Amino acid sequence: MRTKFYTCLSVVLMLLLSVGYAQAQNVQVTGTVSDETGSPLPGVTILLKGTTTGTTTDLDGKYTISGPASGVLVFSFIGYNPKEESIGNRSQINVGLSPDLSDLEEVVVVGYGTVKKSQLTGAISSVGTKEIQELPITDARQALQGRAAGVDVTQAGSKPGSAPQVRIRGRRSFNASNEPLYVVDGIPTVGGLDDINPQDITSMEVLKDASATAIYGSRGSNGVVLITTKRGNVGKTVVSFDSYYGINKELGRIEVLDGPGFAEFKRESRRATGNYPEGPATAAADAKIFEPVELEGIALGRSTDYPAGLLRDGNIQSHQIGVSGGSDKTTFFISANYFKDVGIIYNQDFTRYTFRVNLDHAITSKIKIGTSTLFTRSDRNGENFNPMGGALAENPLGKPYDDDGNLIFLPTTDGLRTNPFAEIVPGAQLDETRRYRGFTSFYGNWEIAKGLNYRVVFGPDLNIRRTGRFTGSQTNARRGGPPTGSVDDRFQFNYTLENILTYTKTLNQAHTFNVTALQSFQQDRFEQTTISVQGIPAASQLYHRLGDAAQITGANTNLVEWSLLSYMARLNYDYKGKYLLTATVRADGSSRFGENNKFGYFPSVAFGWNMHQESFLKNSSKVDLMKFRVSYGSIGNQAINPYQTQALLGRTTYAWDNTAAFGYRPNTIGNPDLRWETSTTFNTGLDFSFFKGRVMGSLEYYITNTSDLLAPQPLPNSTGFGGFITNIGETQNKGIELSLSTLNIEKGNFTWSTDFIFTRNREKIVSLPNGDDIAAGRFIGKPLTIFYDLKKIGIWQTSEKDLAATFGDKPGEIKIQDLNGDGRINSLDRQFLGSAVPDFSLGMTNRFAYKGFDFSFFIFTRQGSMIRSLFHTSNNNLFGRYNNLAVDYWTPNNPTNAYPRPNENQEFPKYNSSMNLFDGSFVKVRNINFGYTFNDVVLKKIGFSSLRLFSSIQNPFIFSEYRSVHKGVDPETFMDGEQGIEAGAITANVTPPVVQYTFGVNVKF
């Protein structure tokens, strides 16, 4: 029955696709399509080349199609190499297709070389052009979220130009950096990825285990992200144009009380102290507690929505033109890009201009040179500007504008609260950062003899940054005081020089050896000049003539230098493609460490077994790849600030014969014995591919133990020092990762595929020198940072008045769990409540294609993390002076257990920190994408080689209890403290998330 169905379906498709074709001139062709074993292949697509005429094979692999004798039939099927057959005078054409194992033979960048995926021994996740370009992103790191197993990527808010935070297999260090190393076209970066245009990237490989990262030594202690940019190919010159434009709209905001709600909140705060009568409000009672402007607001029903007034519709756009091509000797790729992201809060935007030239030239058949050169300029406004927190606190009964529409600087008589709208008046505030960067790598490659190759790479990285700030008189920061201004100039030059020697030899067609030797030197110089002033005479000067100011409030210069000298050797051994061995040793010498421990030595070894090459699987029609991997190795971390090992002086002031004078005193304690923080990782993995690549992926399990942690050791104040940097404690990370790609349906012109990523990591402190460090929030057996606090279990109710009194509380106040049962609430009742570390994260992408149409959607989730929502305390005051979150607060007539009763005698409630901890779990629909690619017939008419139109929706839905129940906006935040945001914390000044609608085009000609 099914055979008949497919036969009928193929006939119908043939008739539909053959409309308009001249039947009288055609030859009818029949045949059978089979796989490499001779079994028939159903669902194979057969197209008449250059037309839309086509059909598919039935369940028996048979087909029928008509075409001219001069025509060519193209046979294609996912998982197999396409094949072409000329019709000629043949009426029967039987075709055998061979498996396309390109995914298994795909070349993966592994650092100082490449390797076929099937020969890989380390734990590596890859993200390609398809995943990167599906999202209209500012920063390439955003494309890793939910696309690479073991990689935790978080983005706090939607402020333009802000960078995401990336953690690979958890956090290892208390004080040293947990940031991975980014290597672009072979050169390690120190200036970040903000300047790299995502549309120039071909692939991103994430190196995760010690075997993969040890080749980069100390720089790869937190994982390595290898970024490869596009290069030219031999052939005709191809010009491409890629463009999109999108509109950003707020996806919710922090909800505060409106005018009537605030008025009632203030009344209730007075009822709690007996200063407002119980029952409905009266004009007489209101006159005693409200000021005239508030009474006017109540009478007029005024309700000023200050947060809404600071928001607008933002937009995002990117326009890129690229030219690539080359001859047998020279290939090139050139691109220019303009990118702009206008935020939903006024005065926040980010603009970037990039120009790239990638060039490769063969001087002789043995010598090749090339370059990857990037020039960029970016302008960012509002990096440190966000008036949203002030707007949330502003009294909604106030009057923001007079009757003539002029802004009123003080909407109420409260001198501490100014009009939030004054912050976005043109010229009132300026926070502008401009960056210029030249990031380049030059290489020379010499094939000395067969199998012996020498490569030299030189990578200079120049970064110039200037931040200028101006704060006018009519702002909340100055409140009518003299304007202030500042300039922060930074100059950073970093270069890397590497000499790489490789030798490859195969013996008896069975034993293949590949040896890599490396000598590397990296040096960095950072200079900074800052000046700040007060009393700028004319606001129009902004920060451009600080010498005219009345007072210099600060001036400083700084110089920081460091260098790294490294040696590395790696051996890859391959026996008949079955048994694989990788052994690496690296020595790093860092100027950041003391004389006694300059060098660290980091070995690793990995073994791989291609089980599918064994006799018991080699002839399997179901198993394409089955590879077992195991690795063990150590890597170091030197990511501390320079000069930590030295005893430094600090300036001090004193009186010399009643005359002020300056002197110098010991400021830090030197530690010449400071040594490398070391992480040792055991990793085992299984790579698999089944059914001609229809199901493929990898499964990983790892344990990383980190010792000699670089962290400050506190000292008694009597010593005159707060502490010093030393090596203390141990941590551990362990987890499992799953990457899975499936081809779910492939029927004729319709395909459906799924990419699935699962990550679960457990981090904990294994040991500390003096046991639990409560003051620092460090506990053995717990994650590196935790939420350790009192636990709110409700609100004291009227029926619990007597019990509440025994704790010094009363009805309407927060009820805390008495953990030790001693009848008192104190520090002994604090407990471990959670951590920003999630239980697991998951990403899933589904892609559908039908003829020229394509549709995809991407879902990402983090589950089991906890967040600290700081605006649930800072904007949850009780005394009715500032506006409040629109929460369900307790009153005698509303006996809720959610939030305490307002009280004019309490600015904030007792135990208020217990109100800001929430489940941070969420599910986000990150991207929905729909596109159409025009066929060859249309392209020939318009002269293009390819044309695709697309539309996408970014971040349309966030599902989270934090949003739906607790009036939050977005629970996604940084795991570590960074960019002014506390670890796991969300503040009122975080720019709200946005939903983004984009439309774009991809053209090649």
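Residues numbered from 1 in each chain as written. Predicted model: local features only at pLDDT ≥ 70, side-chain atom pairs only at ≥ 80, totals over all residues. Heavy atoms only, no water.

Draft legend 1. Inspection of empty space enclosed by the protein at higher detail. Evaluation of the coordinates by the stated rule reveals eight cavities of 30 Å³ or more. Roughly 580 Å³ of volume is contained in the largest cavity. What lines the largest cavity is a set of 29 residues, among which Gln142, Gln155, Gly157, Arg926 and Val994 lie closest to the centre. At the level of secondary structure, the elements contributing two or more residues to the lining of the largest cavity comprise strand S46 (922-933), strand S47 (946-959) and strand S49 (994-1004). Of the residues assigned to the lining of the largest cavity, the class counts are 10 nonpolar, 13 polar and six charged. Estimated volume of the second largest cavity: approximately 110 Å³. Taken together, 15 residues line the second largest cavity, and the ones lying closest to its centre are Asp152, Thr759, Asn761, Pro838 and Met975. Counting residues per element, the ones that place at least two in the lining of the second largest cavity are strand S11 (151-154), strand S37 (750-767) and strand S42 (840-850). Of the residues forming the lining of the second largest cavity, the biggest block, four residues, is contributed by S37. Its residues assigned to classes, the lining of the second largest cavity shows five nonpolar, five polar and five charged. (1 Å grid on protein atoms, 1.4 Å probe; cavity = no way out; pocket = protein on both sides within 12 Å on 5 of 7 lines; lining within 4 Å. Points joined across faces, edges and corners; volume = space filled by probe spheres on them. Helix = DSSP H or I, 4+ residues; strand = E, 2+ residues; numbered from the N terminus. Nonpolar A, V, L, I, M, F, W, Y, C, P; charged D, E, K, R; others polar.)

Draft legend 2. Representation of helix H5 (residues 259-271) within the structure. Between its terminal C-alpha atoms H5 stretches 19 Å, which fits the 18 Å expected from 13 residues at 1.5 Å a residue. Burial within H5 is extensive, with 10 of its 13 residues counted as buried. Looking only at H5, the buried set comprises Gly259, Phe262, Ala263, Phe265, Lys266, Arg267, Glu268, Ser269, Arg270 and Arg271. Where H5 is buried, its residues meet helix H6 (283-289) and helix H7 (292-300). At the N-terminal boundary of H5, the capping side chain belongs to Asp258, with an oxygen 2.8 Å from the backbone nitrogen of Gly261. (Expected span 1.5 Å × (residues − 1). Buried < 20%, exposed > 50% of the residue type's maximum accessible area, 1.4 Å probe, protein only. Contact = heavy atoms within 4.5 Å. Polar contact = N/O pair within 3.5 Å; in protein donor to acceptor, adjacent residues only side chain to side chain.)

Draft legend 3. Structural detail: the sheet that holds strand S14 (residues 187-188). Spatial strand order, S10-S15-S16-S13-S14: five strands in an open sheet with mixed pairing. In the strand order of this sheet, the two ends are held by strand S10 (124-128) and S14, each with one partner. Pairing between S10 and strand S15 (residues 201-207): five bridges, direction antiparallel. Along S15, the bridge assignment pairs Ile124 with Leu207. (Pairing = 2+ DSSP bridges.)

Draft legend 4. Layout of the pattern of salt bridges. Going through the model one piece at a time under the given rule, you end up with 60 salt bridges. Here Arg437 ties to Asp195 by a salt bridge, and the two come within 3.3 Å at their closest N and O atoms. Of this pair, Arg437 sits in strand S22 (residues 429-449) while Asp195 sits in the loop between S14 and S15, placing them 242 residues apart in sequence. On the basis of relative accessible area, Asp195 is assigned to the buried category, the value being 1%. A salt bridge links Asp687 to Arg629, with the nearest nitrogen and oxygen atoms 2.9 Å apart. Pair noted here: Asp687 is in strand S32 (residues 677-690) and Arg629 is in strand S29 (residues 623-637), with a separation of 58 residues, a long-range link. For the pair Asp687 and Arg629, one class covers both residues: buried. Through salt bridges that share partners, Asp139, Arg141, Arg167, Arg171, Glu179, Asp194, Glu763 and Asp976 make up one connected network. (Salt bridge = Lys/Arg side-chain N within 4 Å of Asp/Glu carboxyl O.)

Draft legend 5. Fine view of unusual backbone geometry. With a phi close to 70°, Asn347 is a non-glycine residue in the positive phi region. Given a relative accessible area of 27%, Asn347 falls into the partly exposed group. With a phi close to 60°, Asn955 is a non-glycine residue in the positive phi region. Take Asn955: it is sitting in strand S47. On the basis of relative accessible area, Asn955 is assigned to the buried category, the value being 8%.

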